[in-house]
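Coordinates in review
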Amino acid sequence: MSRIQGCFQALAKAKRKALIPYITAGDPHPSLTVALMRGLVEAGSDILELGVPFSDPMADGPVIQRSGERALKHGVGLGDVLKMVAEFRKGDTATPIVLMGYANPIEAMGIRPFLERAQAAGVDGVIVVDYPPEECAEFADLARSHDIDPIFLLAPTSTDKRIHDVARCGSGYLYYVSLRGVTGAANLDLGDVAARIPKIRAATQLPIGVGFGIRDAESARRVAQTADAVVIGSRIIQEIEAGAPEQAVARVKTFLKPIREALDR
């Protein structure tokens, strides 16, 4: 059983929903990433999504783009991200870690070398935004052979075929992008999310996480009424941006705690 699967099984048994925060590795400074990861867990996070900085993102809104630019200015690359995961694992062998990014850095390293290094570091899942599930059977199988869950995205515009393709190729959980547009947009339609999740659930037994546009405790609570997990990224990055780097850990913990409480009510 993967760490991700075990996490969701334990949460389901406890009748709780997963809180999955996203941060960009290396933002606001590489020396703070592991401390931020630990702080997110202390605030009640169940799974961590760690963004791999990339110069030409497709799905990232301006907030996450800026975080990637800050990390890239510090020279943070995929190898550095894997070292951060390995450092985090020295003190935490339980919390699942999912890397989220784009194909170019992975293919520059080499798919098999990446998966070998990711497995050794303690990575549990990977979301490659520009890997379409229709063309990813070989990558998905190779990832699972390294104990890494390939996680794919669904959107409000996803066809029935795409839903079934993602359900067939993906593992760990499915990531439903809850709005049309990039990360951090403010046009979340909670009614549309509630209507779409049952359709996706009919095609898969995998847990369903919802992200893009969740910005506060109330929207998180309402999304969790139908989803298995709530993913929050841009609002966390905004909290990091809003203060000095040395305040980042305290700020994200303060932001996340009422969201954890809302999910547990």
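Because the structure is a prediction, the values reported are computed rather than measured.

On to the overall build of the protein chain, then. The helix and strand tally for the protein chain stands at 12 helices and 9 strands. Over its C-alpha trace the protein chain gives a radius of gyration of 17 Å, about what one expects of a compact globule, namely 18 Å for 265 residues. Out of the 265 residues in the protein chain, the part that is buried amounts to 57%. Long-range pairs, those at least 24 residues apart, make up 72% of the contacts in the protein chain between residues at least 6 apart in sequence.

Another point: the nonpolar core. Judged by nonpolar contacts, the single largest core of 91 residues is most densely connected at Leu99, Phe114, Tyr173 and Tyr175. With residues near it in sequence (within four places) discarded, tyrosine 175 still touches Glu49, Met100, Ile127, Ile151, Phe152, Leu153, Leu154, Gly209, Gly211, Phe212 and Val231.

Excluding glycine, a negative phi dihedral is what most residues carry, and trans is how most peptide bonds are arranged. In this model, aspartate 27 is joined to proline 28 through a cis peptide bond whose omega is 5°. Within the fold, proline 28 resides in the loop between strand 1 (18-24) and helix 2 (33-42). Phi is positive for aspartate 147, close to 60°, though the residue is something other than glycine. Mapped onto the fold, aspartate 147 is located in the loop between helix 7 (137-145) and strand 5 (149-150). Despite not being glycine, phenylalanine 212 shows a phi value in the positive range, around 75°. If you trace the backbone, phenylalanine 212 turns up in the loop between strand 8 (208-211) and helix 10 (217-224).

Further remarks concern the side chain of aspartate 149. In this fold, aspartate 149 is placed in strand 5. Only 3.1 Å separates the side chain of aspartate 149 from the side chain of serine 2, close enough to count as a polar contact. Those residues in contact with aspartate 149 that sit more than four places away from it in its chain are Ser2, Ile4, Asp124, Gly125, Val126, Ser171 and Gly172.

Let us look at the side chain of histidine 146. Structurally, the position occupied by histidine 146 is in the loop between helix 7 and strand 5. Leaving out residues up to four positions away in the same chain, histidine 146 has contacts with Arg112, Leu115, Glu116 and Gln119.

Glancing now at the confidence of the model for the protein chain. Per-residue pLDDT for the protein chain has a mean of 94; in total, 96% of the residues score no lower than 70. In this model, residues 181-185 is a region of pLDDT below 50 whose contacts with residues beyond four sequence positions or in other chains number 16 contacts.

This brings us to the packing of helix 11 (residues 234-241) against helix 12 (residues 248-264). Angle between the axes and distance between the axes: these two values describe a pair of packed helices. At a minimum axis separation of 8 Å, helix 11 and helix 12 run at an interaxial angle of 140°. Considered as vectors, helix 11 and helix 12 are oriented oblique to each other. For the crossing formed where helix 11 meets helix 12, the hand is right-handed. In this structure, helix 11 contributes Arg235, Ile236, Glu239 and Ile240 to the contact, and helix 12 contributes Ala248, Arg251, Val252, Phe255 and Leu256.

This part takes up the environment of arginine 70. As for its position among the elements, arginine 70 is in helix 3 (residues 62-73). Judged by relative accessible area, which is 24%, arginine 70 ranks as partly exposed. With 46 residues separating them in the primary sequence, arginine 70 and threonine 24 have C-alpha atoms 9.4 Å apart.

For the rest of this paragraph, the subject is the environment of aspartate 192. Among the structural elements, aspartate 192 can be located in helix 9 (residues 190-201). A relative accessible area of 22% places aspartate 192 in the partly exposed class. The spacing of aspartate 192 and leucine 154 is 38 residues in sequence and 14 Å in space, taken between C-alpha atoms. Other than its neighbours up to four places away in sequence, aspartate 192 contacts Pro156 and Tyr176.

What follows covers the sheet that holds strand 9 (residues 229-232). As summarised here, the arrangement of the 9 strands in space is 5-4-3-2-1-9-8-7-6, forming an open sheet in which the pairing is parallel. The open sheet has two edge strands with one neighbour each: strand 5 and strand 6 (153-154). One ladder, built from 2 bridges, connects strand 6 with strand 7 (residues 174-177); its direction is parallel. Of the residues in strand 7, the one forming a bridge with leucine 153 is tyrosine 175.

About the thresholds
Residues numbered from 1 in each chain as written. Predicted model: local features only at pLDDT ≥ 70, side-chain atom pairs only at ≥ 80, totals over all residues. Heavy atoms only, no water. Helix = DSSP H or I, 4+ residues; strand = E, 2+ residues; numbered from the N terminus. Rg over C-alpha atoms; globule rule 2.2 N^0.38 Å. Buried < 20%, exposed > 50% of the residue type's maximum accessible area, 1.4 Å probe, protein only. Contact = heavy atoms within 4.5 Å. Core = buried A, V, L, I, M, F, W, Y, C linked by side-chain atoms within 4.5 Å. Polar contact = N/O pair within 3.5 Å; in protein donor to acceptor, adjacent residues only side chain to side chain. pLDDT = per-residue confidence, 0-100. Axes fitted to C-alpha atoms, helices over the stretch in contact; angles between N-to-C directions. Parallel < 35°, antiparallel > 145°, perpendicular 65-115°, else oblique. Left-handed = near helix turned anticlockwise from the far one by under 90°. Pairing = 2+ DSSP bridges.

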